[in-house]
Amino acid sequence: MTRRLPPRRRLSRRGWAVSVAVGLGLIGFVGAAQWNSSLARQQVITSAQGVLVRQAEQLQREQEQLRAELAEAEERVQSFQERDEGSQSAQQRLNAELAEARLIAGLTDVIGPGLVIEIADSQRQVPVGEPQANYLVLVDDLRDIIGALWASGAEAITISGSLAENAPAERLVANSSIQGVGAAILVNTAPLVPPYRIEAVGPAGLHDRFLSHPTYLARVARRVEAYGLQFASEARDELTLNEFVGTTRLRWGVPVREE
Amino acid sequence: MRAWVAQISLSLVAVVIGVLLVGQLRSQARPLELSSLSAQELSTLVESLRVRNVDLGDGLADLREQIREYELRDVDGQSNLAIGEEDLERISAFAGLRAVRGQGIEMEIEGSFDPQAVNDLIYELRNSGADAIAVNDIRITARSVAVLGTGAIEIDGVPIGRSFTITAIGSPDGLEAALQRPGGILVLLQQSIEARFVITKSQELEVPATERDLAPQAARAVE
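Residues numbered from 1 in each chain as written. Chains lettered and ligands numbered in written order. Predicted model: local features only at pLDDT ≥ 70, side-chain atom pairs only at ≥ 80, totals over all residues.

## Quick look at the overall build of chain A
Tallying secondary structure elements over chain A gives seven helices and eight strands in all. Across the 259 residues in chain A, those meeting the buried criterion constitute 39%. When contacts within chain A are restricted to residue pairs at least 6 apart in sequence, those whose partners lie at least 24 apart make up 77%. (Helix = DSSP H or I, 4+ residues; strand = E, 2+ residues; numbered from the N terminus. Buried ≥ 20, exposed ≤ 12 C-beta atoms within 10 Å, placed from the backbone. Contact = placed C-beta atoms within 7 Å.)

Put into structure tokens, the structure is as follows:
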């Protein structure tokens, strides 16, 4: 017994042809767009910007080297301070005060309960006529998250998301800067890019207090909802945050001696 | 047989479209490389990195000098207490536990601020390299943040009122220029809220130590 082909066979062939034509048209369109954007990027890199990019990369490498040397020098200073010389009780008192001051200043690795937050740009397509910035993590978002964390009782905070792989997280200290430079956000002048990871150590309940804090709810939570910024947070029983690596010297002032 | 060929062709076309679309979407996604920043942004980044590296280099030189002093005292058999005391002063001042005296600016401010605007002002001073900052007599530490308290803006639990003064130890010219640059924080705030700013440069200012107990309750030093 033979089966007859269905009568729509010929129409189906035409359908195939149309599909392939549309497909090839799409390939052409997307391919051209891709080619154009590659050309544009190539032009940018080969222009004067290339010089600036190389300068920035060179300075970043220098900074990493300086930070490593600073960490090593700090360690040596601490090892001298921890030796028991002169009056033992005076030395012990001084060491205890130094340890306390270092802990408060952010110059010591710390461990404790806390939370982890990750925030990244929205993956939604930006509607025509709407600013792309609405769909990106902005410097204000990071500042609000950090502000809400401090106000919720955080005792130590780090931010990571570096351009350089395996770069240590930036520990926030009294003079830490957070500023936007185009697509990057400078934290302690280290350029970071999303996804940003924020870790904070603080007393129990920090996560809940953060999520209900007005400083978080006022802008960040609304932007997450409205534009689809990727946001996740999780309480942790134990986190270890690295120390601040940088200079602690005062350039324009001196400590006032206690009377 | 022909139907199979057509199906395979169409599948191949679909795969190629998919690959190209992914490439295109990725190239339209947010640039994550330095090369994607504009010349102006790169200039700002280069300048920030340069300033920071000079600062780190100076800090490293200070530490090496300190190490040399320790080594010399070791050789002479002298006590290291004096250097340790100096280190304690420096770290305490950095953390906000000790008052700082030096040159800088004083900014008298009046206006209908919200907490974010106050925090933005503080960040602008930090970004401009201020060594120490106080709002009225409240020393700004790492953990200080302006929030809306019961009817007023508070920092570290202290209300600051509608008129307040910010004192910053730092380069007087550098801090003033950063605050007043075109498109800078003061211009933005004056456009968005009713505010008045009077900046005075000074060679002799003092920022007090924090009155807040900063000893952590949950965070412990890693041994």
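## Some points on the packing of helix α2 (residues 48-81) of chain A against helix α2 (residues 39-76) of chain B
It is the contact of α2 of chain A with α2 of chain B, at a shortest axis distance of 8 Å, that shows an interaxial angle of 25°. Taken together, the axes of α2 of chain A and α2 of chain B lie roughly parallel to each other. In this structure, α2 of chain A crosses over α2 of chain B, and the sense of that crossing is left-handed. The residue makeup of the contact of α2 of chain A with α2 of chain B, split by class, is 20 nonpolar, nine polar and eight charged. (Axes fitted to C-alpha atoms, helices over the stretch in contact; angles between N-to-C directions. Parallel < 35°, antiparallel > 145°, perpendicular 65-115°, else oblique. Left-handed = near helix turned anticlockwise from the far one by under 90°. Nonpolar A, V, L, I, M, F, W, Y, C, P; charged D, E, K, R; others polar.)

## Quick word on the environment of Q66 of chain B
Tracing the backbone through its elements, the reader meets Q66 of chain B in helix α2. Separated by 17 residues in sequence, Q66 of chain B and I83 of chain B have C-alpha atoms that sit 7.5 Å apart. Ignoring any residue separated from it by four or fewer positions in sequence, one finds Q66 of chain B in contact with V77 of chain A together with I83 of chain B.

## Digging into unusual backbone geometry
With an omega dihedral of 5°, the bond running from P194 of chain A to P195 of chain A counts as a cis peptide bond. One non-glycine residue, N136 of chain B, lies in the positive phi region at around 50°. Turning to its location among the elements, N136 of chain B is positioned in the loop between β2 (132-135) and β3 (138-139). Of note in the backbone geometry, D156 of chain B takes a positive phi value of approximately 50° without being a glycine. Mapped onto the secondary structure, D156 of chain B falls in the loop between β5 (153-155) and β6 (158-159). Judged by C-beta crowding, with 20 C-beta atoms within 10 Å, D156 of chain B ranks as buried.

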